[in-house]
Amino acid sequence: MDRLLKGTALVKPKGAATNGNSNGHSNGHSNGHPNGHSNGHANGATNGAAPERRSNRDRRARRRGADALKVGVIGCGYWGPHLIRNFSEIPGAELVAVADQRPDRLDYVRVRHPGVKRFTHHSDLLEADVDAVVIATPIHTHHAVARDALLAGKHVMVEKPLTSSVEQALDLIGLAEARGTVLMAAHTFLYNPAVRELCRMVHSKHLGRIHYIDSARLNLGLFQRRVNVMWDLAPHDISILIQLLAELPATVSSHGASCVQPGVHDVAYLNLEFESGILAQIHVSWLDPAKVRRITVVGDKRMAVYNDVSLGEKIRVYDKGVEHPPVTDSFGEFQLSYRYGDVTIPYIEWQEPLRLECEHFLHCARTGERPLSDATQGLAVVAVLEAADKSLADGGKPAAVVLPWQQAVTARLREIRLAAADAAVISSAASAPVTAAF
Ligand SMILES: NC(=O)c1ccc[n+]([C@@H]2O[C@H](COP(=O)([O-])OP(=O)(O)OC[C@H]3O[C@@H](n4cnc5c(N)ncnc54)[C@H](O)[C@@H]3O)[C@@H](O)[C@H]2O)c1
C-alpha cells in the first residue's frame, strides 16, 4: 500500500510548483516539449533569462542546504536542458554537474549555469560528488551509460525507453538491485495530471468496461537516424496504455513505412492485444502535417478523449454509448439504441509533468521507495517495442510480448490500479471532477 499512496500523492505533491496556468501549460506541450524543430537544441524555456539571473539562481541553489541531493545530468542535447532547468529549480536538489560530448552544449551550460561543473565524458561526472544522475543521451547509449552510473553507486533516472533491448534492461535491473540504488524509467506522461485523471477514470470504472483504446502521436519531425519512430514516440503511448489497463499486452502486430530515410520507419501502426482481450491501436508518425497527441478510451458506460495539445480541455468525457434494448419477439430485438448524454470536462489542476517526474525521482532516491515508473515498467515498454520490431520485420505477423518476471510486473500494475482507484474516490468526493457539463 505504501507506494500506492505515493502514486496518489503525485496528484498534489508537496512543494510542487505550478506553471501559473491552471488550465494548461505555457507552450502547449504537456511534457515540456518545445515547439521548435530541426536542431531541437537550446530552444527550451531556459533560453530567455539573462546569464546574470541564471547565476543568481545557481547561487540560491547552492544555499539550499547540506541535505540537498546532488544531481548530475548526462546529455544536454534537445531534451537535457529541460531536465537541467528542473533540477536547478527544485528545492532539495542541487544541480552540480552536466556531461555532454559536444563542446557547444557545454557552452550552453556554462552560460546559463556558471556554477555547474561540466564534463565531456560521463565517466568523469560519475567520479564527481553526485548522488543521483539523469541520463538524457541517445537511446543506443542508455544501457552503457546507466550501467556505469549504477556501478558507481548512483541513483539513476533514464530517459525513455529504458534500453534498446530486454536483455539490457534486465542487466540494469539486476545491477540496481545488487547495489540497492533506485533505477527509474522516465515515462514522463505517467506524471501528467491529465493522464493521472484518465487512469483514475478507468481504474474506478467511471467509463465502465473498456472496449478498446486508440492512441495517436503525430507531428512533422523530429526525424531520428538510429531508431525508428516506434522507439522514439511509442514509449509514451505504451507506458500510458499499460498503466491505464494495468496489464500487459500479450501480442503486438505492427505495420509501417520508411518514407523519408530508407530502412528507418517514420510512420507505424501498432495493434496491441491485451491479456484481457482489450484491443489498443497506436499510430505514431514523424511525417504528419498536424500535431496530434490524442488517446480515445471507449468504455461501455462512457467514452473519454484525452487531447494533450488542447490547452484548457485536456479530457472530455462523452456520456454516449450503444445499448441493446430488452429482448422482445418483435423486429425491435434487432435494433440497437444509441445513448447521447452530456459531454463533461473535468477540472485538472495543471502542473508540469517533467517537474513532477523529477521531484518523484528525488523523493524515491531519498527514501528508497519504488518509483511509479520503476525499471520493471521500463522493461515492459522495451519488451513491447521489441515485439513490435519483430512484427514489423515479419510483415505484421503478431509477435508475442516476451517478458521475464511477467508475474512481478503484473502484480505491480495491480498495485498501481488499486491506488489510482482509491484516488478517484477521494478526488470525486472532494471536488466532483467530472461534472462541468456544457
Ligand atoms: N520524456 C520526453 O518527453 C522526451 C522528449 C524528447 C527526448 N526524450 C529522450 O531523451 C533522450 C535524449 O534525446 P535528445 O533528443 O535530447 O537527443 P540529442 O541527440 O538531441 O541529445 C543527446 C546528447 O547526449 C550527448 N551524449 C551522447 N552520449 C554521451 C555520453 N556518453 N556522455 C555525455 N553526453 C553524451 C550528445 O552529445 C547529445 O548532445 C532520448 O532517450 C529521448 O528518447 C524524452
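All of the points below concern the structure found in this document. The structure presented is a predicted model; accordingly, all values stated were derived computationally and were not measured. (Residues numbered from 1 in each chain as written. Predicted model: local features only at pLDDT ≥ 70, side-chain atom pairs only at ≥ 80, totals over all residues.)

## Quick look at unusual backbone geometry
Step number 1: Lys 160 connects to Pro 161 through a cis peptide bond whose omega is -15°.
Step number 2: By secondary structure assignment, the location of Pro 161 is in the loop between strand E5 (155–159) and helix H7 (166–179).
Step number 3: Note the cis peptide between Gly 221 and Leu 222, where omega equals -15°.
Step number 4: Relative to the helices and strands, Leu 222 is located in the loop between strand E7 (210–220) and helix H9 (229–245).
Step number 5: Although it is not a glycine, Lys 205 sits at a positive phi angle of roughly 70°.
Step number 6: Along the chain, Lys 205 turns up in the loop between helix H8 (193–203) and E7.
Step number 7: Of the residues examined, Lys 205 has 14 C-beta atoms within 10 Å and is grouped as partly exposed.
Step number 8: Positioned with a positive phi, Ala 246 is a non-glycine residue whose angle comes to about 50°.
Step number 9: Position of Ala 246 relative to the elements: it lies in the loop between H9 and strand E8 (249–257).
Step number 10: Judged by the 21 C-beta atoms lying within 10 Å of it, Ala 246 is buried. (Helix = DSSP H or I, 4+ residues; strand = E, 2+ residues; numbered from the N terminus. Buried ≥ 20, exposed ≤ 12 C-beta atoms within 10 Å, placed from the backbone.)

## Brief notes about the packing of helix H3 (residues 80–89) against helix H10 (residues 353–367)
Step number 1: The N-to-C vectors of H3 and H10 enclose an angle of 60°; their axes lie 10 Å apart at closest approach. Of the two elements, H3 crosses H10, and the hand of that crossing is right-handed. From H3, His 82, Leu 83, Asn 86 and Phe 87 reach across to H10, where they touch Leu 354, Arg 355 and Cys 358. (Axes fitted to C-alpha atoms, helices over the stretch in contact; angles between N-to-C directions. Left-handed = near helix turned anticlockwise from the far one by under 90°. Contact = placed C-beta atoms within 7 Å.)

So far we have only geometry, and geometry alone does not tell us how the molecule works.
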